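Commentary on secondary and tertiary structure
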Amino acid sequence: MGIYAVKTTASQERTVADMIINREEPEIHAALAPDSLTSYVMVESEGDAVLNRVLEDIPHARSIVPGTSDISEVEHFLSPKPDVEGIAEGDIVELIAGPFKGEKAQVQRIDEGKDQVTVELYEATVPIPVTVRGDQIRVLDSDER
C-alpha cells in the first residue's frame, strides 16, 4: 500500500479525484486534490496496477509518477491553514464582507484559536473595535514588509 501521485490536466485535479473515488474500487482508499498542488492528485492505493486500470477510463488523468510517497510528504496538505495566518497586529486591512465591507481598518488583536481579528476602522470619527472572521479581511499594507 502506498500514496501515488497522478499527473492530470491543469485545473482538472478535483474532477479526476472525484472520478477516482466514484469508481468505488476496494483497493483505492483515498484521493486528495490540494489547491496548492497544480496538475497532480495524490491517491492512496493498494498498488499501482489497480490505479493504472482505473485511470484508463478517466479523462484528464495522464499518468502515475513512478514510485510512492510517504505520508510525511503529504500530511501538510491535510491540515487546513488558518485564515489569520500572515496577518500581524498593526497591519492595514480592507474588510471584504459584512456590514463594513469596503472599509479600511488597522489590526488591533488576533485570536488564532477562533480564527478572528479585531480591527479598528480608519474613517470612523470615534475609534470602534470590530471583531471579524479571518476570511472577511484582506491585507493591504503590512508592517512586516
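Residues numbered from 1 in each chain as written. Predicted model: local features only at pLDDT ≥ 70, side-chain atom pairs only at ≥ 80, totals over all residues. Heavy atoms only, no water.

Heads up, the condition is: UniProt positions are given in the numbering used here, feature names are shortened, and annotations may be inferred rather than shown by experiment.
The protein is annotated in an unreviewed UniProt entry as Transcription elongation factor Spt5 of Natronolimnohabitans innermongolicus JCM 12255. The UniProt entry for the protein carries the following text under Function (unreviewed entry): "Stimulates transcription elongation." Under Subunit (unreviewed entry), UniProt gives the following word-for-word description of the protein: "Heterodimer composed of Spt4 and Spt5. Interacts with RNA polymerase (RNAP)."

**Things to note about the UniProt feature "domain: KOW" (unreviewed entry) in the protein**
Selection criterion: Starting at the N terminus, helices and strands are each numbered in turn, a helix being any DSSP run of H or I of at least four residues and a strand any DSSP run of E of at least two.
Mapped onto the present numbering, the UniProt feature "domain: KOW" (unreviewed entry) falls on residues 86-113. Along residues 86-113 the backbone is 0% helical and 43% strand, and the end-to-end C-alpha distance reaches 15 Å.

**Digging into the sheet that holds strand β4 (residues 61-64)**
By way of backbone hydrogen bonds, the strands of a sheet pair with one another, either parallel or antiparallel. We apply this condition: Pairing between strands is defined by DSSP: at least two bridges between them are needed. A fitted line through C-alpha atoms serves as each axis, taken over the contacting stretch for helices, and the angle formed by two N-to-C directions is quoted from 0 to 180°. By definition, residues are in contact when any of their heavy atoms lie within 4.5 Å.
Spatially, 4 strands are ordered β2-β3-β1-β4 in an open sheet, and the strand pairing comes out antiparallel. Every interior strand has two partners, whereas the edge strands, β2 (28-32) and β4, have only one. This sheet shows a mean twist of 30° between the axes of neighbouring strands, independent of strand direction. Sitting on the sheet, helix α1 (residues 13-22) touches β1 (2-8), β2, β3 (40-45) and β4, and the angle it makes with β3 is about 20°.

**Quick notes on unusual backbone geometry**
The condition that has to hold: Exposure classes here rest on a 1.4 Å probe applied to the protein chains alone. A residue is buried below 20% of its type maximum, exposed above 50%, and partly exposed in between.
One non-glycine residue with positive phi stands out, namely S11, at about 70°. Relative to the helices and strands, S11 resides in the loop between β1 and α1. The class of S11 is exposed, set by a relative accessible area of 65%. Even without glycine at this site, E24 takes up a positive phi of about 50°. Inspection of the secondary structure puts E24 in the loop between α1 and β2.

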